[in-house]
Amino acid sequence: MALIECPSCQKRISSKAKQCQYCKASADGNNDSKRAISHIQKSNKLMNQMMLFLTLFIAGAVYGFWGGEVATGTDAYIAGTCFVFGFVGYIITRARSIVHKRKSV
């Protein structure tokens with residue numbers, strides 16, 4: 001008995017198991033297509049997260065300089081928080097996406 005990766009959730013399961021104990025996916029049959037579908041779904045999820053963080057980054061920049069003047073007071077804190085959170089989130093998610101794409105399907 002060996003441990004293999006579940007084709008759907010990529011968690012370690014027994015090679016003799018008929019289905020994954022975590023996601024209840026069938027462990028027999030065409031695992032290559034299930035693995036490919038799971039890889040595509042994860043790629044789409046990461047792409048959606050990158051777009052969300054990029055939108056937050058741009059919104060922070062626009063809000064900070066709206067009307068041609070630099071924001072002051074509370075508006076500056078809101079704009080700066082959106083800007084930094086969007087930038088850091090985008091960089092981290094982009095790195096995760098690159099690592100994910102390098103994994104073979």
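Residues numbered from 1 in each chain as written. Predicted model: local features only at pLDDT ≥ 70, side-chain atom pairs only at ≥ 80, totals over all residues. Heavy atoms only, no water.

### Topic: a nonpolar patch on the surface
Threshold: Note that patches include only residues with greater than 30% relative accessible area and no salt bridge, and the join distances are 9 Å for like charges and 5 Å for nonpolar side chains (Val, Leu, Ile, Met, Phe, Trp, Tyr). Accessibility throughout is a Shrake-Rupley quantity obtained with a 1.4 Å probe, and a residue counts as covered only by protein chains that appear here. Definition used for salt bridges: Asp or Glu carboxyl oxygen within 4 Å of a side-chain nitrogen of Lys or Arg. Only DSSP runs of H or I with at least four residues qualify as helices, and only runs of E with at least two residues qualify as strands; both kinds are numbered from the N terminus onward.
On the surface, Phe83, Val84, Phe87, Val88, Ile91 and Ile92 cluster together to form a nonpolar patch covering roughly 530 Å² of accessible area. With respect to the helices, strands and loops of the structure, Ile91 is situated in helix α2 (residues 74-102).

### Remarks on the nonpolar core
Selection criterion: Residues grouped as a nonpolar core are buried Ala, Val, Leu, Ile, Met, Phe, Trp, Tyr and Cys residues, joined through side-chain atoms within 4.5 Å. Throughout, exposure labels follow a simple rule: accessible area from a 1.4 Å probe, protein chains only, divided by the maximum for the residue type, with under 20% read as buried, over 50% as exposed, and the rest as partly exposed. We call two residues in contact when some of their heavy atoms are within 4.5 Å.
By size, the foremost hydrophobic cluster in this structure holds 5 residues: Cys6, Ile13, Cys20, Ala25 and Ala27. Once residues within four sequence positions are removed from consideration, Ala25 is found in contact with Cys6, Ser8, Gln19 and Cys20.

### Brief notes about the side chain of Ser38
One can find Ser38 in helix α1 (residues 31-64). Residue class for Ser38 comes out buried when judged on its relative accessible area of 9%. Those residues in contact with Ser38 that lie beyond four places of it in its chain are Pro7, Ser8 and Gln10.

### A word on α2
Quick note on the threshold: How far a helix is expected to stretch is found by multiplying one less than its residue total by 1.5 Å.
Compared with an ideal rise of 1.5 Å per residue, which puts 29 residues at 42 Å, α2 spans 42 Å between its outermost C-alpha atoms and is within 8% of the ideal. Taken as a whole, α2 has its buried residues at Ala79, Gly86, Gly89, Thr93, Ser97 and His100.

### Here we look at a positive patch on the surface
Cut-off, in case you're wondering: His is not counted, nor are the chain ends, whereas Lys and Arg count as positive and Asp and Glu as negative. Think of each charge as sitting on NZ of Lys, CZ of Arg, CG of Asp or CD of Glu.
Together, Lys42, Lys45, Arg96 and Lys103 make up a region of like positive charge exposed at the surface. Tracing the chain through its elements places Arg96 in helix α2. Judged by its relative accessible area of 38%, Arg96 is partly exposed.

### Things to note about the state of the cysteines
Every disulfide links exactly two cysteines, by a covalent bond between their sulfur atoms. Applicable threshold: Disulfide: a pair of cysteine sulfur atoms within 2.5 Å of each other.
Counting across every chain of the model gives 0 disulfides. Free cysteine Cys6: the closest other cysteine sulfur is in Cys23, separated by 3.6 Å. Among the residues examined, Cys6 registers a relative accessible area of 1% and is labelled buried.

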